[in-house]
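The residues making up each chain are set out below.
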Amino acid sequence: MVHFVGAGPGAPELITLRGAALLETADQVIYAGSLVNPALLERCRADCRILNSAVMTLEEVIDAICAAEAQGRTTVRLHTGDPSVYGAVREQMDRLEELKIPYDVTPGVSSFCAAAAALRAEYTLPGISQTLILTRMEGRTPVPEREQLRSLAQHGSSMAVFLSVGMLTELQAELMKGAYTAETPAALVYKASWPEEMVVNCTVGTLAESAEKYGIRRTALVLVGEFLAGSRERSRLYDPAFTTGYRKGTDKT
Ligand code: SAH
């Protein structure tokens, strides 16, 4: 049996209780060594076989899983944040299905959630944006034409950009081809929830120079949108006038 587990964004206590229990009982753990906090591995049994997937190919990962399966042993495949976001998990699941190896998935706290926590921000502010776009710049991994940043940027929604701190000059230009301007609020969140976490508030026009100034080159998210400036509008949900399924308001409905 293989358990895909979201390790969370970095802080070892941000793994879920279910994820922690699976780590504690695993016979083998294959962790994404570039981003998973090694402190999480302290939960593993002393005799647990621990492999770092940062130096492995997909074939080697599958071989290690098959070797464990042949001995009736369980594997935890530990991915950073939540496995469903840039986790390269589907290709592993496809192989496991071909091999008839059973697996399940335990979600994790994605870094975009930890970045909002670091900023004390809410992506979905009334009157500002009710949409959050998770995306990335095109790098060695191609992005479909219809999802190019300049076209997603037409919406002016809240946006969290992964895997792109190495391309901030290009990112700024793409964002400004859409609805954002050089003055639109932006933030860089480096290693959210790690002890070395750093939050840099800036604007779309100053993303590249801010990263340069603070030496941010990797493991950071770029957040963009007016949500970073806050909102003066309050929610309907907690408005005394508003009737919900749980609370009678002073309105007529
Ligand atoms: N599955 C992960 C994302 C993996 S892609 C998740 O759910 O968060 C790796 C990218 O995620 C990094 O390049 C960076 O953009 C972002 N990232 C991962 N952990 C981060 C963290 N703690 N703080 C800021 N960005 C992070």
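Because the structure is predicted, anything quoted here is derived from the model rather than measured. (Residues numbered from 1 in each chain as written. Predicted model: local features only at pLDDT ≥ 70, side-chain atom pairs only at ≥ 80, totals over all residues. Heavy atoms only, no water.)

## Topic: the environment of leucine 17
Working step 1: Among the secondary structure elements, leucine 17 is positioned in helix α1 (residues 17-25).
Working step 2: Once the C-alpha coordinates of leucine 17 and threonine 106 are considered, the two residues, 89 residues apart in sequence, prove to be 9.9 Å apart. (Helix = DSSP H or I, 4+ residues; strand = E, 2+ residues; numbered from the N terminus.)

## Remarks on the packing of helix α2 (residues 58-70) against helix α3 (residues 90-98)
Working step 1: The N-to-C vectors of α2 and α3 enclose an angle of 45 degrees; their axes lie 11 Å apart at closest approach. By the criterion of interaxial angle, the relationship of α2 to α3 is oblique. Seen along the crossing, α2 lies across α3 with a hand that is right-handed. Contacts between α2 and α3 involve Leu58, Glu59, Val61, Ile62 and Ile65 on the former and, on the latter, Glu91, Gln92, Arg95 and Leu96.
Working step 2: Broken down by class, the residue content of the contact of α2 with α3 amounts to five nonpolar, one polar and three charged. (Axes fitted to C-alpha atoms, helices over the stretch in contact; angles between N-to-C directions. Parallel < 35°, antiparallel > 145°, perpendicular 65-115°, else oblique. Left-handed = near helix turned anticlockwise from the far one by under 90°. Contact = heavy atoms within 4.5 Å. Nonpolar A, V, L, I, M, F, W, Y, C, P; charged D, E, K, R; others polar.)

## With respect to the site of the ligand
Working step 1: Contacts to the ligand come from 18 residues, most closely from Val85, Ser110, Ser111, Ala192 and Ala220.
Working step 2: Here a nitrogen atom of the ligand sits 2.8 Å away from a polar atom, N or O, in the main chain of alanine 192.
Working step 3: For the ligand, whose free accessible area comes to 540 Å², the fraction covered by protein is 94%.
Working step 4: Considering only residue class, the shell around the ligand consists of eleven nonpolar, five polar and two charged.
Working step 5: When we break the shell around the ligand down by domain, the ones giving at least three residues each are domain 1 (2-106) and domain 2 (111-229). (Near = heavy atom within 4 Å. Polar contact = N/O pair within 3.5 Å; in protein donor to acceptor, adjacent residues only side chain to side chain. Areas by Shrake-Rupley, 256 points an atom, 1.4 Å probe, with all protein chains shown as cover. Domains from an automatic or database assignment.)

## Quick word on the sheet that holds strand β4 (residues 75-79)
Pairing between the strands of a sheet is mediated by backbone hydrogen bonds and can be parallel or antiparallel.
Working step 1: Across the sheet, five strands lie side by side as β3-β2-β4-β1-β5; this open sheet has parallel pairing. With partners counted over all chains shown, the strands left at the sheet margins are β3 (49-52) and β5 (103-106), one partner each. Averaged over neighbouring strand pairs, the angle between their axes works out to 20 degrees when direction is ignored.
Working step 2: Relative to β3, strand β2 (residues 28-31) is paired through four bridges, and the arrangement is parallel. Its bridge partner lying in β3, tyrosine 31 is registered against asparagine 52.
Working step 3: In the packing of α1 onto the sheet, the strands contacted are β1 (2-6), β2, β4 and β5, and the crossing angle to β5 comes to about 135 degrees.
Working step 4: Lying over the sheet, α2 contacts β1, β2, β3 and β4, oriented at roughly 170 degrees with respect to β2. (Pairing = 2+ DSSP bridges.)

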